[in-house]
Structure formats: C-alpha cells, structure tokens
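Results of the structural survey
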Amino acid sequence: MKNLKAMINDWFPAEDANAHCDGPCGVYDPADARIKAEAVLSMTKKILALSPPSDGDSAAWAAYLNTMSRYIAIKEEQAHKAKEELLVLWTDYFKPVHLEKYPDLHTTFWNAAKLCSACKVEVNLEHAEELMATVEKIHDIFWATKGRDVTYYTAS
C-alpha cells in the first residue's frame, strides 16, 4: 500500500526544482543592511552633536538624558539589525562559486559584522562610516553576482 505522499506524487507529478540560494530569487537585497547602517551613522552623528546642559536645570537634564538614551537605543538596535541582515546575506545567498570571483568575500562580511558590533558598543564616527563603506562594497559585490548595475545611494 502506498503512503499518502507517494499517491499525491503519482496524481500530481512535478519536475524537480533547484535554486542557487536558500530562498526564492528576489528575497535577498543588501538595501536593508544599508538602511540600518545609515541609521547607525545618523544616530552616531546626533549623539556626538548633542550637548549636555551646563546648568543644574533638572528638566533640561531630563530632556538631555532622554534624548541621549533614545539615540543610543536606536543606534544599538539598528547596528544589531544590520548585522542580522548581513549575516543572512552572507550565509544564505553567497555560495562557493562567488568566492572564486571574490576571494575576500568572507573577510568583507566578517569585517562588516565586527563593525556592526563596534558601532553598538561605541560612539565612533569613523567606525560608522567604515560600516557604510563596507555595506557599499557588499552592495556592489551582490549586484555584480546577479549581473546587474544597481546604483548605491543613501538617504542623506
């Protein structure tokens, strides 16, 4: 006696399908990482530009601390999300064939992930800018693997 799966396969035969990545085409895009990295850069700039009140005005200090904590929370959250986006792209989209053409691919992604971590724990404009530059490099590699010339742009 055939099991249900075998019977369904007999009734509705389908050709084998193969994919070059773990998800269907079109689900991977470094744009999400760029948006999040850009938020990290923006929040880093805002944190560095924020000046503490000079007097003992408790309302001014409360407003300052509230704003600072919000900027920090956003920066850390977006850095973490950027890392998640990059790690999924690295581990799910890129395959050994891509390493042949881009031998520094693993190093590029590893550095990007480390920059995300650094941006979470620091307020460092240089690292935030390096993260943006590395995400741009990943953008260029990604679209080159698809044979497309997609312009890298930022919101600011």
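Overview of the structure. Quick caveat, the model's predicted, so the values are computed rather than measured.

Description of a nonpolar patch on the surface
On the surface, a nonpolar cluster with roughly 480 Å² of combined accessible area is contributed by Leu4, Ile8, Trp11 and Phe12. Of note, Phe12 is situated in the loop between helix H1 (4–11) and helix H2 (31–49).

Considering the side chain of Thr134
Within the element layout of this structure, Thr134 appears in helix H6 (residues 125–145). For Thr134, the contacting residues outside a window of four places in its chain are Thr108, Ala112 and Leu115.

Things to note about H2
Taking 1.5 Å per residue, 19 residues should reach 27 Å; H2 reaches 27 Å between its end C-alpha atoms and fits that length. Buried residues belonging to H2 abut helix H3 (58–93), helix H5 (105–121) and H6.

Digging into the pattern of salt bridges
One pass over the full model with this rule turns up three salt bridges. Of the charged contacts in the structure, one is a salt bridge between Lys81 and Glu77, with a shortest N-O distance of 3.5 Å. Of this pair, Lys81 and Glu77 are both found in helix H3, four residues apart, which corresponds to roughly one turn of the helix. Assessed through its relative accessible area of 31%, Lys81 is described here as partly exposed. For the salt bridge of Asp104 with Lys137, the shortest nitrogen-to-oxygen distance reads 2.7 Å. Pair noted here: Asp104 is in the loop between helix H4 (96–101) and H5 and Lys137 is in helix H6, with a separation of 33 residues, a long-range link. Classification of Asp104 as partly exposed rests on a relative accessible area of 32%.

Things to note about the nonpolar core
Judged by nonpolar contacts, the single largest core of 28 residues is most densely connected at Leu86, Leu89, Phe94, Phe109, Leu131, Val135 and Phe142. Ranked by residue count, the leading element in this core is H6, at eight residues. The next biggest cluster of nonpolar side chains, apart from the first, holds five residues, and it includes Met43, Ile47, Tyr64 and Met68.

About the thresholds
- Residues numbered from 1 in each chain as written.
- Predicted model: local features only at pLDDT ≥ 70, side-chain atom pairs only at ≥ 80, totals over all residues.
- Heavy atoms only, no water.
- Patch = residues over 30% accessible without salt bridge, like charges linked within 9 Å, V, L, I, M, F, W, Y side chains within 5 Å.
- Areas by Shrake-Rupley, 256 points an atom, 1.4 Å probe, with all protein chains shown as cover.
- Salt bridge = Lys/Arg side-chain N within 4 Å of Asp/Glu carboxyl O.
- Helix = DSSP H or I, 4+ residues; strand = E, 2+ residues; numbered from the N terminus.
- Contact = heavy atoms within 4.5 Å.
- Expected span 1.5 Å × (residues − 1).
- Buried < 20%, exposed > 50% of the residue type's maximum accessible area, 1.4 Å probe, protein only.
- Core = buried A, V, L, I, M, F, W, Y, C linked by side-chain atoms within 4.5 Å.

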